[in-house]
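Working through the structure, step by step
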Amino acid sequence: MKIMSHCNPAYFKYAEALTKSIRHSGNENHIVLKLQDFPDADRDYAVERLKNINNIDLEFIDTSKQEYGISPLKYINNMNARKSQLYTDSMPFLMHEMLNDHDDDVLKISANGLVFTKLAEIEEVL
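In this report, the structure presented in the accompanying data block is examined. (Residues numbered from 1 in each chain as written. Predicted model: local features only at pLDDT ≥ 70, side-chain atom pairs only at ≥ 80, totals over all residues. Heavy atoms only, no water.)

1. Quick look at the environment of Lys-108
Take Lys-108: it is sitting in strand β4 (residues 106-108). Residue Lys-108 is classed as partly exposed on the basis of its relative accessible area, which comes to 22%. With 105 residues separating them along the chain, Lys-108 and Ile-3 place their C-alpha atoms 5.8 Å apart. Discounting chain neighbours no more than four positions away, the residues touching Lys-108 are Met-4, Ser-5, His-6, Met-91 and Met-95. In terms of polar contacts, Lys-108 uses its side chain to reach the side chain of His-6, at 3.5 Å. (Helix = DSSP H or I, 4+ residues; strand = E, 2+ residues; numbered from the N terminus. Buried < 20%, exposed > 50% of the residue type's maximum accessible area, 1.4 Å probe, protein only. Contact = heavy atoms within 4.5 Å. Polar contact = N/O pair within 3.5 Å; in protein donor to acceptor, adjacent residues only side chain to side chain.)

As structure tokens, this is what we get:
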């Protein structure tokens, strides 16, 4: 089973806490963390903060180069609202990509979640 989460730079502190809580609770599953629109300094920070986490892939995504099927027209006058909505609405597309790219079960956990238990029971259900 793979565990996936995604975030933008503003939510990275939550994704970091999620990732560390997964490992602290004894889960060794492969983690794929999709990091959207991270400037270089934020990329370096994320890599540094998670460098001691085993079995993790950090995938940096430039959303301006991705097609998520989300119409910007609704948010055309408010770019901040559009970007905020983009990060929420892109999740199904990121999940679809994960399922296409990996021949394994995928558990999606929100970046602001925490894990306080072994995930073996969920893995068995999947």
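Picking up after the structure, the text goes on.
2. Describing the packing of helix α1 (residues 12-24) against helix α2 (residues 40-49)
Two numbers describe how α1 lies on α2: the axes approach to 11 Å, and their chain directions differ by 20 degrees. Classified by the interaxial angle, the pair formed by α1 and α2 is roughly parallel. Two packed elements cross with a definite hand, and for α1 against α2 that hand is right-handed. Residues Phe-12, Glu-16 and Lys-20 of α1 pack against Tyr-45, Ala-46 and Arg-49 of α2. Of the residues belonging to the contact of α1 with α2, the class tally is three nonpolar, no polar and three charged. (Axes fitted to C-alpha atoms, helices over the stretch in contact; angles between N-to-C directions. Parallel < 35°, antiparallel > 145°, perpendicular 65-115°, else oblique. Left-handed = near helix turned anticlockwise from the far one by under 90°. Nonpolar A, V, L, I, M, F, W, Y, C, P; charged D, E, K, R; others polar.)

3. Some thoughts on the nonpolar core
Judged by nonpolar contacts, the single largest core of 20 residues is most densely connected at Ile-3, Cys-7, Phe-12, Ile-22, Leu-35 and Ile-109. Breaking this core down by element, the ones donating at least two residues are β1 (2-7), α1 and β2 (30-36). Among the elements that make up this core, the one with the highest residue count is α1 (four residues). When near neighbours in sequence (up to four residues on either side) are disregarded, Phe-12 contacts Cys-7, Leu-35, Phe-38, Tyr-45, Ala-46, Arg-49 and Leu-50. In this structure, Val-32, Ile-61, Tyr-68 and Met-98 belong to the second largest nonpolar core, which totals nine residues. (Core = buried A, V, L, I, M, F, W, Y, C linked by side-chain atoms within 4.5 Å.)

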